[in-house]
Each structure stands twice: as structure tokens, then as C-alpha cells.
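Observations on chain architecture
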Amino acid sequence: NRFFELVHPEDLGKTQEAVSSLASRMELIHFENRYRCKDGNYRWIEWRSRAPHNDFIYAAARDITDRKKAEEVLLHSEETFRNIVHASPMGIHMYQLQSNDRLVFVGANPAADRLLGVDNSKFIGMTLEEAFPPLAKTEIPFRYRQAAVSGESWQTEQIIYDDGKIAG
């Protein structure tokens, strides 16, 4: 098929597999590959294809090149952020505020492990209050939730967590 000549070389194998699947009357939803344009550049295309009970393939395609570029920029940004957090000499705990107002621990950087003298990975999936019970009686859970919702910054004196005790 001549259209294979327009497929990006890295996508050729999966495109051939997709065409074979369609020949077996399977439906393809959200299949993505790159096609060469008249100007020689490649564009990302997302396909929704179906081969009913005849020799035709019905397909709808849309150009998702801009979305793919945005995803790449976001991925690079996230990687940069991870590298900064990982290399920071400051201890950093990361939480996710869930829809039920649970503030769930999702990770920490190596400095947090060093400074607290614990392997923080054991707290992943726990709420702030479950991971660090003495903090439940402080303003910290409220302030963290507030910061997660509003983006409002907040500072406090250093809090030392030692054997389940907090000192300011």
C-alpha cells in the first residue's frame, strides 16, 4: 500500500499491525502514528477505524500534533521538577489532596529521608495524619489543605519530628 510510504519509519511496524487487525474486522480506537506531509514534516494523527463486513475500512482521523507537543513540554517540565526536588538539600514531602479532603502522602525526596532519619516511602498512600499522628493536633493539616486548594503559601518555624514527638 502506497500510504505506508508516508508513515514515519518508527511507526511503520505498529501501523502494519493495525492494518492487519482491521483486516481481521477488529476496531481501532485511539491509534496514533505519524504521517509525512507535503512539506516533509511529520504530523501526529489519531485514528478511529473500523472494518465492517465488507472490504472497506472506515476511518476518522484528526491531527493531534499540537497536543503531542504540549504533552512533550509537560513531560520535560515534570522531569525538570523531579530533578530539582530530588537534588534539593531541603527535605520535601509531597501530598495529594483527594476529593474527599484526604491529604495523601505521595512521596519525599532523599533529603527528607536524611533529615528525618526514616524511609519516607513507607508512608506512601497514608494520610498526613496516619503517617505522622502528632501532626494531626497542629495547624499543619489545615494549612496544607488550604495551600493545596488555594495555592496560598504558608511558613512556620522548623518542626522536628523525633520518635513521634514534635517540637517547635
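Digging into the overall build of the protein
Within the protein one finds five helices and seven strands. Its helices and strands in sequence order give the protein the pattern α-β-β-β-α-β-β-α-α-α-β-β, from N to C terminus. Here the C-alpha atoms of the protein give a radius of gyration of 25 Å, more than 25% beyond the 15 Å that 2.2 N^0.38 yields for 168 residues. Over its C-alpha atoms, taken along the principal directions, the protein stretches across nearly 75 × 35 × 30 Å. Looking at the protein residue by residue over its 168 residues, the buried ones come to 24%. Across the protein, contacts joining residues at least 24 apart in sequence account for 29% of those joining residues at least 6 apart. For the protein, the distance from the average site of its 21 positive side-chain charges to the average site of its 25 negative ones is 5 Å.

Re helix 5 (residues 140-150)
When we look at burial in helix 5, the residues that qualify are I140, P141 and R145. For helix 5, the angular spread of buried residues about the axis comes to 130°, placing them on one side. Elements in contact with the buried residues of helix 5: strand 4 (93-97), strand 5 (103-108) and helix 4 (128-131).

Details of the pattern of salt bridges
Taken as a whole and judged by the stated rule, the model has 11 salt bridges. Between R62 and E46 there is a salt bridge, with the nearest N and O atoms lying 2.7 Å from each other. Here the residue R62 occupies a position in strand 3 (residues 58-63), and E46 occupies one in strand 2 (residues 42-50), the gap between them amounting to 16 residues. The exposure class of R62 is partly exposed, given its relative accessible area of 45%. Overall, the relative accessible area of 4% leaves E46 in the buried class.

Details of the packing of aromatic side chains
Taken as a whole and judged by the stated rule, the model has eight aromatic pairs. Geometrically, the ring pair formed by Y35 and W47 is edge-to-face, given 5.8 Å between the ring centres and 65° between the ring planes. In this pair, Y35 sits in strand 1 (residues 28-36) while W47 sits in strand 2, placing the two residues 12 residues apart along the sequence. Residue classification places Y35 among the buried positions, given a relative accessible area of 13%. Summarising the aromatic geometry, the rings of F105 and F123 are spaced 6.1 Å apart at their centres and angled 90° between planes, so their arrangement reads as edge-to-face. Linking F105 in strand 5 with F123 in the loop between helix 3 (110-116) and helix 4, this pair joins segments that are 18 residues apart in sequence. Side by side, F105 and F123 carry an identical accessibility label, which is buried. Taken together, the ring pairs in this structure connect Y95, F105, F123, F132, Y144 and W154 into an aromatic cluster. Just above the ring of F31 sits the side chain of K14; from NZ or CZ to the centre is 5.8 Å.

Cut-offs used in this document
Residues numbered from 1 in each chain as written. Predicted model: local features only at pLDDT ≥ 70, side-chain atom pairs only at ≥ 80, totals over all residues. Heavy atoms only, no water. Helix = DSSP H or I, 4+ residues; strand = E, 2+ residues; numbered from the N terminus. Rg over C-alpha atoms; globule rule 2.2 N^0.38 Å. Buried < 20%, exposed > 50% of the residue type's maximum accessible area, 1.4 Å probe, protein only. Contact = heavy atoms within 4.5 Å. Lys, Arg positive; Asp, Glu negative; His and termini not counted. Charge placed at Lys NZ, Arg CZ, Asp CG, Glu CD. Arc of directions from axis to C-beta. Salt bridge = Lys/Arg side-chain N within 4 Å of Asp/Glu carboxyl O. Phe/Tyr/Trp six-rings, centres within 6.5 Å; stacked < 30°, edge-to-face > 60°. Lys NZ or Arg CZ within 6 Å of the ring centre and 35° of its normal.

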